[in-house]
Amino acid sequence: MTLYVSKSSVRGFNETNLRLNDPSCSVTTNGSHVIASVSLNSCGTQVEETVDEIIFKNEMTSFDQAQDVITREHQFEIQFICKFPKNSRLSVSFEAQESGYLFTEALFGNFTYLFEFYDSSAFTTVIDPKTYPIKLKLKDMIYMGIKVRSSLSNIRLFVESCRATPHDNPNDPIYYDIITNGCTKDKTTKVYSGSLKEFRFGLQAFSFIGNYDQVYISCTVLLCGAGDNKTRCAQGCTDSYNRRKRSMISDTQRHFISQGPLRLAGNSSGCPGFSLNRVIAVALLWPLLWLLEL
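Everything numeric in this text was worked out from a predicted model, so none of it was measured.

Reading the values: the criteria
Residues numbered from 1 in each chain as written. Predicted model: local features only at pLDDT ≥ 70, side-chain atom pairs only at ≥ 80, totals over all residues. Heavy atoms only, no water. Phe/Tyr/Trp six-rings, centres within 6.5 Å; stacked < 30°, edge-to-face > 60°. Buried < 20%, exposed > 50% of the residue type's maximum accessible area, 1.4 Å probe, protein only. Helix = DSSP H or I, 4+ residues; strand = E, 2+ residues; numbered from the N terminus. Pairing = 2+ DSSP bridges. 1 Å grid on protein atoms, 1.4 Å probe; cavity = no way out; pocket = protein on both sides within 12 Å on 5 of 7 lines; lining within 4 Å. Points joined across faces, edges and corners; volume = space filled by probe spheres on them. Nonpolar A, V, L, I, M, F, W, Y, C, P; charged D, E, K, R; others polar. Core = buried A, V, L, I, M, F, W, Y, C linked by side-chain atoms within 4.5 Å. Contact = heavy atoms within 4.5 Å. Disulfide = S-S within 2.5 Å. Polar contact = N/O pair within 3.5 Å; in protein donor to acceptor, adjacent residues only side chain to side chain. pLDDT = per-residue confidence, 0-100.

> Describe the packing of aromatic side chains, with residues and values.
Taken as a whole and judged by the stated rule, the model has ten aromatic pairs. With a centroid separation of 5.6 Å and 80 degrees between ring planes, the pair formed by Phe111 and Tyr113 is classed as edge-to-face. Per residue, the accessibility class of Phe111 equals that of Tyr113, and both read buried. Relative to Tyr143, the ring of Phe123 has its centre 6.0 Å away and its plane inclined at 85 degrees; by these criteria the two rings are edge-to-face. Highlighted residues: Phe123 in the loop between β10 (109-118) and β11 (134-136) and Tyr143 in strand β12 (residues 141-150), separated in sequence by 20 residues. Site record: aromatic cluster; members linked through ring pairs are Tyr118, Phe123, Tyr143 and Tyr192.

> Account for the sheet that holds strand β19 (residues 214-225), naming residues and giving values.
Pairing within the open sheet is mixed, and its six strands lie in the order β11-β20-β19-β13-β14-β15. Among the strands making up the open sheet, the edge pair consists of β11 and β15 (183-184). Bridge count between strand β14 (residues 176-180) and β15: two bridges; the pairing is antiparallel. Within β15, the residue paired with Ile179 across the bridge is Thr184.

> Explain the layout of surface pockets residue by residue, including any values.
In this structure, the second largest pocket occupies an estimated 230 Å³ of space. Together, 16 residues line the second largest pocket, and Leu157, Phe158, Val191, Glu198 and Phe199 are the ones closest to its centre. Sorting the residues of the lining of the second largest pocket by element identifies β13 (155-165), β16 (190-192) and β17 (198-204) as the ones contributing at least two each. Ranked by the residues each element gives to the lining of the second largest pocket, the list is headed by β13, at four residues. Each residue belonging to the lining of the second largest pocket can be placed in one class, and the counts come to eight nonpolar, five polar and three charged.

> Would you mind going over the nonpolar core in detail, with residue names and values included?
Counting residues in each nonpolar core, the largest one holds 36 residues, and the members touching the most others are Tyr113, Ile146, Ile217 and Cys219. Setting aside chain neighbours within four positions, we find Cys219 in contact with Phe115, Ile146, Val159, Ser161, Cys162, Phe201, His255, Phe256 and Ile257.

> Before we move on, can you summarise empty space enclosed by the protein with the specific residues and values?
Scanning the model with the defined rule gives one cavity of 30 Å³ or more in all. Lining of the largest cavity is provided by 13 residues; of these, Phe206, Ser207, Val215, Leu262 and Leu264 occupy positions nearest its centre. Counting only elements with at least two residues in the lining of the largest cavity, the list comes to β18 (207-208), β19 and β20 (255-264). For the lining of the largest cavity, the element with the most residues is β20, which contributes three residues.

> I'd like a rundown of the environment of Leu40, residues and numbers included.
One can find Leu40 in the loop between β4 (33-37) and β5 (46-49). Classification of Leu40 by relative accessible area gives buried; the value is 6%. In this structure the C-alpha to C-alpha distance between Leu40 and Cys82, which are 42 residues apart in sequence, comes to 8.9 Å.

> Explain the environment of Arg19 residue by residue, including any values.
For Arg19, the position within the fold is in strand β2 (residues 18-19). Measuring from C-alpha to C-alpha, the distance between Arg19 and Thr61 comes to 5.5 Å, with 42 residues separating the pair along the chain.

> Any chance you could break down the state of the cysteines for me, citing the residues and the numbers?
Covalent bonding between the sulfur atoms of two cysteines is what defines a disulfide. Applying the stated criterion to the full structure yields three disulfides. Covalently, Cys162 is tied to Cys219 through a disulfide, its sulfur atoms 2.0 Å apart. Between Cys162 and Cys219, the S-S torsion sits near 110 degrees, and that sign places the bridge as right-handed. Here Cys162 is found in strand β13, whereas its partner Cys219 is found in strand β19, with 57 residues between them in sequence. Take Cys162 and Cys219: they sit in the same class, and that class is buried. Shown here is the disulfide that connects Cys224 with Cys233, its sulfur atoms set 2.0 Å apart. Residues Cys224 and Cys233 are joined through a disulfide that is right-handed, its torsion about the S-S bond being 80 degrees. For Cys233, a relative accessible area of 1% gives the class buried.

> Which residues make up the side chain of Thr165, and what are the values?
Within the secondary structure layout, Thr165 lies in strand β13. Side-chain polar atoms of Thr165 contact the backbone oxygen of His167, separated by 2.6 Å. With residues up to four places along the chain from it excluded, the contact list for Thr165 reads Pro170, Asp172, Ile174, Tyr175, Phe208, Gln214, Val215 and Tyr216.

> Before we move on, could you go through the confidence of the model for the protein chain and cite the residues and values that matter?
Of all residues in the protein chain, 76% have pLDDT values of 70 or greater, and the mean over the chain is 75. pLDDT under 50 marks residues 88-96. Its contacts with residues more than four places away, or in other chains, come to eight contacts. The low-confidence segment residues 267-294 (pLDDT under 50) makes 48 contacts with residues lying over four places distant or belonging to another chain.

Right, dumping it as structure tokens:
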């Protein structure tokens, strides 16, 4: 696939601050146009399908710093695609909202973690999972709450880390740290008061740079005895906590929970001098079977 964009239509941008889904793939120029040329199985090209077509897509986006993975500013972005007809449907996909996470450990018995989105900083109304994915605009506040249900009263919940990924995979190579070692890393993150069994926090919505329209939040959590000052919970935010010193009596194991997706809603404000409407690129088309063998 080859995309040609006239330089006169993207004033303020050039090939040095434009990239494809895979940042290692460079964008070139012939003097009058910015050019992106990719095969159908490289540079982060994604494959989708409908009942009638197989669709290959990539995206040219702007960036300020090469190491950036998220943005809260409006970007220059053009999606370019190639469509091929097909004779049969190969697969379907669906999105499922995560339910509670049930665990059992000695001394702590059965307990369940709940990870939910709220509609305001009052944390009184949980957003109905039937409305997922939740649609947000850049810089909208996202309110989240993690709580534990347990028959024990003298316990404390601790959220040790949280990160965002563009896919429902906590090991995704593309991620953005929100909380690390109990310390907030995102400058917009705010922690709200709660109880020993609940952690409430919020941050401004962002999008991953590239052709990613969803965000998932994943967190590592554990429980501790509320009155023990030697537990991981009591240490709070620290980069020096030694996991080998975990109290076998007063700490649970670390547990992983996730929630999402969040989806960035369309925004019509765009960038000065350029429309953010998605376009179908001028593409070089080859026989479909030959392409699929690449």
